[in-house]
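Summary of structural features
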Amino acid sequence: MPGKGSPRIKDEELYKELREEGNSKQKSARIANAAARDGRSKVGERGGESGSYEDWTVPELKGRAKEIGLTGYSGKKKAELIKSLRNS
């Protein structure tokens, strides 16, 4: 059935490197697939400044968690939400 099962990783080598560095599966897959699509140098250029999660409100953090597909965030405190978002 289309859309079900494990997602395809388009740059396996980069994915494995990112996982060995301690990144989550989801984050590693996003970066590896973007690098395969746009080229590694373009992905590196695109990364950059992001606002500090400490400045966000808890509802904003929960909204971001929902947006990127995290689960189990509803009962977390602010510091726990920030840690989950940074490790996703």
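Preceding this section is the structure that the text describes.
In short, a report on the structure. Computed from a prediction, not measured in an experiment: that's the story for all the values here.

Ranked by size, the top nonpolar core spans nine residues in total: Tyr53, Leu61, Ala65, Ile68, Leu70, Tyr73, Leu81, Ile82 and Leu85. Looking at this core, the elements with two or more residues in it are α4 (58–67) and α5 (78–86). With three residues, α5 is the largest single contributor of residues to this core. Counting residues in each nonpolar core, the second largest holds seven residues, with Ile9, Leu14, Ala29 and Ala35 among its members.

Before going further, it helps to examine the pattern of salt bridges. One pass over the structure, following the stated rule, counts three salt bridges. For Asp38, the salt bridge goes to Arg37, with nearest N and O atoms at 3.1 Å. Judged by its relative accessible area of 31%, Asp38 is partly exposed. Given the relative accessible area of 59%, Arg37 is considered exposed. Measuring nitrogen to oxygen at the nearest pair gives 2.9 Å for the salt bridge that ties Arg86 to Glu54. Of the two residues, Arg86 is situated in helix α5 and Glu54 in the loop between α3 (40–46) and α4; the sequence distance between them amounts to 32 residues.

What counts and what doesn't
Residues numbered from 1 in each chain as written. Predicted model: local features only at pLDDT ≥ 70, side-chain atom pairs only at ≥ 80, totals over all residues. Heavy atoms only, no water. Core = buried A, V, L, I, M, F, W, Y, C linked by side-chain atoms within 4.5 Å. Buried < 20%, exposed > 50% of the residue type's maximum accessible area, 1.4 Å probe, protein only. Helix = DSSP H or I, 4+ residues; strand = E, 2+ residues; numbered from the N terminus. Salt bridge = Lys/Arg side-chain N within 4 Å of Asp/Glu carboxyl O.

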